[in-house]
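Here is what each chain is made of, one letter per residue.
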Amino acid sequence: MTIPDAFDKIANTFHQDTHMFYKTLDDAVRASLVELTVEEMRIAKAYLDELLSRNYSDEQLVANWDQTLGGGGGFGISSGNEGDAEAFLGLIRAALEASLASQKNK
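These figures come from a predicted structure and were not determined experimentally.

Concerning the nonpolar core
Okay, so step 1: Of all hydrophobic cores here, the largest spans 28 residues; its most connected members are I10, F14, W65, F88, L89, I92 and L96.
Okay, so step 2: Those elements that provide at least two residues to this core are α1 (5-11), α3 (25-32), α4 (38-53), α5 (58-66) and α7 (84-104).
Okay, so step 3: Here this core takes 7 residues from α7, the largest share from any one element.

Some words on α7
Okay, so step 1: Look at α7: 31 Å from first C-alpha to last across 21 residues, which is about the 30 Å you get at 1.5 Å a residue.
Okay, so step 2: Of the positions making up α7, those classed as buried are A85, F88, L89, I92, A95, L96, S99 and L100. Take α7 and look down its axis: the buried residues cluster within an arc of 130 degrees, on one side only.
Okay, so step 3: Where the residues of α7 are buried, they touch α1, α3, α4 and α5.

Examining the pattern of salt bridges
Okay, so step 1: As enumerated under the stated definition, the model contains 7 salt bridges in all.
Okay, so step 2: With a shortest N-O distance of 2.7 Å, D49 and K45 are connected by a salt bridge. Of the two residues, D49 and K45 both sit in helix α4, 4 residues apart, roughly one turn of that helix.
Okay, so step 3: When its relative accessible area of 25% is taken as the criterion, D49 is described as partly exposed.
Okay, so step 4: Residues joined by salt bridges that share partners form a network here, namely K45, D49, R93 and E97.

A closer look at the side chain of T18
Okay, so step 1: Along the polypeptide, T18 turns up in helix α2 (residues 18-21).
Okay, so step 2: On the accessibility criterion, T18 (3% relative accessible area) is buried.
Okay, so step 3: From its side chain, T18 meets the backbone nitrogen of H15 in a polar contact 2.8 Å long.
Okay, so step 4: Residues contacting T18, with those up to four places away along its chain left out, are T13, A28 and F75.

Notes on α3
Every α-helix winds through 3.6 residues per turn, so residues three or four apart in the chain are directed the same way.
Okay, so step 1: Buried within α3 we find A28, V29 and S32. Buried residues in α3, looked at end-on, bunch into an arc of 100 degrees, giving them a common side.
Okay, so step 2: As for α3, its buried residues are in contact with α1, α2 and α7.

What to know about the environment of L100
Okay, so step 1: For L100, the position within the fold is in helix α7.
Okay, so step 2: For L100, a relative accessible area of 11% gives the class buried.
Okay, so step 3: Taking the C-alpha atoms as reference, L100 lies 18 Å from D8; in sequence the two are 92 residues apart.
Okay, so step 4: The residues touching L100, leaving out its near neighbours within four places in the chain, are V38, M41, R42 and K45.

The rules behind the values
Along each chain, the written sequence defines residue order, and numbers are assigned to residues from 1. Given that the model is predicted, a residue must reach a pLDDT of at least 70 before its local features are reported, and side-chain atom pairs must reach 80 or more before they are shown or counted; all residues, however, enter totals for whole chains, interfaces and linings. Values shown for side chains rest on all heavy atoms present in the structure; no hydrogens or waters enter the calculation. In plain words, nonpolar cores are sets of buried Ala, Val, Leu, Ile, Met, Phe, Trp, Tyr and Cys residues tied together by side-chain atoms within 4.5 Å. For the exposure calls, accessible area comes from a 1.4 Å probe over protein chains only, and a residue counts as buried if that area is under 20% of its type's maximum, exposed if over 50%, partly exposed in between. Secondary structure is summarised from DSSP: a helix means a run of H or I of at least four residues, a strand means a run of E of at least two, and numbering begins at the N terminus for each. Every helix has an expected span of 1.5 Å times one less than the residues it contains. Read the arc as the range of directions from the helix axis to the C-beta atoms. Between two residues, a contact is recorded if the distance between any of their heavy atoms is within 4.5 Å. By salt bridge we mean one thing: a side-chain nitrogen of Lys or Arg within 4 Å of a carboxyl oxygen of Asp or Glu. Polar contacts, as used here, are pairs of N or O atoms within 3.5 Å; protein pairs need one atom able to donate a hydrogen and one able to accept it. Residues neighboring in sequence count only if both atoms are side-chain atoms.

Next comes the structure, spelled out in structure tokens:
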């Protein structure tokens, strides 16, 4: 599956030292969306909707993440605990949904 530039842009904000810059993973996820346009948010959300709705295994989700700039930058998402990768990607999708909803209210 081809990773859209909009999602890679989000992933690029994650790296091996992300935990040093943000108090929580939620904070890091919200910060990853700051530079996105509304169209990029829509593209990234659609990609995550597809990725998270097709019953991919955690190993497949991790392999997909590892192809992004974030995965290459040392921010690994583990497949050690079933559902971890899906939960992390779900956080990003939820943040995108909230951000897009707030854009509609402006």
